[in-house]
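This is what each chain is made of:
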Amino acid sequence: AQSVTQPDIHITVSEGASLELRCNYSYGATPYLFWYVQSPGQGLQLLLKYFSGDTLVQGIKGFEAEFKRSQSSFNLRKPSVHWSDAAEYFCAVGRYNTDKLIFGTGTRLQVFP
Amino acid sequence: DTEVTQTPKHLVMGMTNKKSLKCEQHMGHRAMYWYKQKAKKPPELMFVYSYEKLSINESVPSRFSPECPNSSLLNLHLHALQPEDSALYLCASSPPGTNENIQYFGAGTRLSVL
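Note that the structure is a prediction, hence the values are computed from the model and not measured. (Residues numbered from 1 in each chain as written. Chains lettered and ligands numbered in written order. Predicted model: local features only at pLDDT ≥ 70, side-chain atom pairs only at ≥ 80, totals over all residues. Heavy atoms only, no water.)

Enquirer: Honestly, the overall build of chain A in this entry has me stumped. Any pointers?
Expert: Within chain A, the regular secondary structure consists of 0 helices and 12 strands. Its helices and strands in sequence order give chain A the pattern β-β-β-β-β-β-β-β-β-β-β-β, from N to C terminus. Taken over 113 residues, chain A has a buried fraction of 46%. For chain A, long-range pairs separated by at least 24 residues make up 53% of all intrachain contacts whose partners lie at least 6 apart in sequence. Only carbon and sulfur atoms are counted for the fraction: they give 48% of the accessible area of chain A, which is about 5500 Å². Charge separation in chain A, taken as the distance between the mean sites of 10 positive and 9 negative side-chain charges, equals 6 Å. (Helix = DSSP H or I, 4+ residues; strand = E, 2+ residues; numbered from the N terminus. Buried < 20%, exposed > 50% of the residue type's maximum accessible area, 1.4 Å probe, protein only. Contact = heavy atoms within 4.5 Å. Areas by Shrake-Rupley, 256 points an atom, 1.4 Å probe, with all protein chains shown as cover. Lys, Arg positive; Asp, Glu negative; His and termini not counted. Charge placed at Lys NZ, Arg CZ, Asp CG, Glu CD.)

See below:
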């Protein structure tokens, strides 16, 4: 069965510091991978996605993620965090021709000035 | 444009009330979804409509009744809810012509059941 693990429940960084949020998935074939961000009381915004091809994908707001098949990981990175990046981040995995996404439990990012 | 619009933004209802949540998208998307999200948890899928037909029902209690009147509109009818149904209800939609299941979300309706 598919599953997604986000090992870090809560991460705190200083503004301007680099960021890496971890995501590990379990799936037999090549998954479709997504990162979403959710500000308090808001919906989910798609940051980036990976389907195939180049394993380093660029997203919105200066985020990028790298697909590593050997590690079953899809970690999200940003070189310099802004205070407005404070939010909940969800990794999700889908598979071909289905309408279900499996979400991780989320990582809450706190940014200190 | 990836806008999914949900109304109302907030809703308070009693356990005997009947209310409806509304979701619209005008992007020609083929699938629309309802999710329930409790605080500090990921969204939980409730229903999926694909090409206006109910394709997935995740064993949701019958007090939640989805409806898809046309390809742009999705409703969730609520009746005799319980306080534990208080949550953020999210709508999402997926574009046609792809199998990768990209989902675009609305801002949600915050529901409180008293």
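Enquirer: Mind showing me how you'd approach the pairing of strand 8 (residues 64-68) of chain A here?
Expert: Two faces belong to every sheet, and in a regular strand the side chains alternate between them. All names here are of chain A. Bridge count for strand 7 (residues 56-58) against strand 8 is 3 bridges, and the pairing is antiparallel. Along strand 8, the bridge assignment pairs Val57 with Ala65. Two successive antiparallel strands, strand 7 and strand 8, enclose a turn made up of 5 residues, where Lys61 displays a positive phi of approximately 60°. Counting the residues in the hairpin turn of strand 8 and strand 9 (residues 73-78) gives 4 residues, including Ser72, whose phi is positive at 50°. (Pairing = 2+ DSSP bridges.)

Enquirer: What exactly am I supposed to notice about the pattern of salt bridges here?
Expert: Side chains that differ in sign of charge can pair as their charged atoms come close. Using the criterion set out here, one finds 9 salt bridges over all chains in the structure. Among the salt bridges present, the one from Glu58 of chain B reaches Lys100 of chain A, with a minimum N-O distance of 3.2 Å. Here Lys100 of chain A lies in the loop between strand 10 (87-94) and strand 11 (102-103) and Glu58 of chain B lies in the loop between strand 6 (53-57) and strand 7 (64-70), a pairing that spans two chains. Residue Lys100 of chain A is classed as partly exposed on the basis of its relative accessible area of 33%. Residue Asp85 of chain B is joined to Lys36 of chain B by a salt bridge in which the shortest nitrogen-to-oxygen separation is 3.9 Å. Taken as a pair, Asp85 of chain B in the loop between strand 8 (73-79) and strand 9 (87-94) and Lys36 of chain B in strand 4 (residues 31-37) lie far apart in primary sequence, 49 residues in all. One exposure class covers both Asp85 of chain B and Lys36 of chain B, and it is buried. Taken together, the salt bridges that share partners define one network made up of Glu64, Glu66 and Arg77 of chain A. (Salt bridge = Lys/Arg side-chain N within 4 Å of Asp/Glu carboxyl O.)

Enquirer: So what exactly am I meant to see when it comes to the environment of Val13 of chain A here?
Expert: Residue and element names in this part refer to chain A. Within the fold, Val13 resides in strand 2 (residues 10-14). Separated by 89 residues in the primary sequence, Val13 and Ile102 have C-alpha atoms spaced 27 Å apart. Those residues in contact with Val13 that lie beyond four places of it in its chain are Ser18, Leu19, Val81, Leu109, Gln110, Val111 and Phe112.

Enquirer: What should I look at first to understand the sheet that holds strand 3 (residues 18-25) of chain B in this one?
Expert: Strands belonging to one sheet form pairs held by backbone hydrogen bonds; the direction of such a pair is parallel or antiparallel. Residues and elements named next belong to chain B. Read across the sheet, 4 strands follow the order 1-3-8-7 without closing on themselves; strand pairing throughout is antiparallel. The sheet is open, and its two borders are formed by strand 1 (4-7) and strand 7, each paired with just one other strand. The average undirected angle you get between the axes of adjacent strands in this sheet is 20°. Relative to strand 3, strand 1 runs antiparallel, the two sharing 4 bridges. Bridge pairing links Thr7 to Lys22 in strand 3. (Axes fitted to C-alpha atoms, helices over the stretch in contact; angles between N-to-C directions.)

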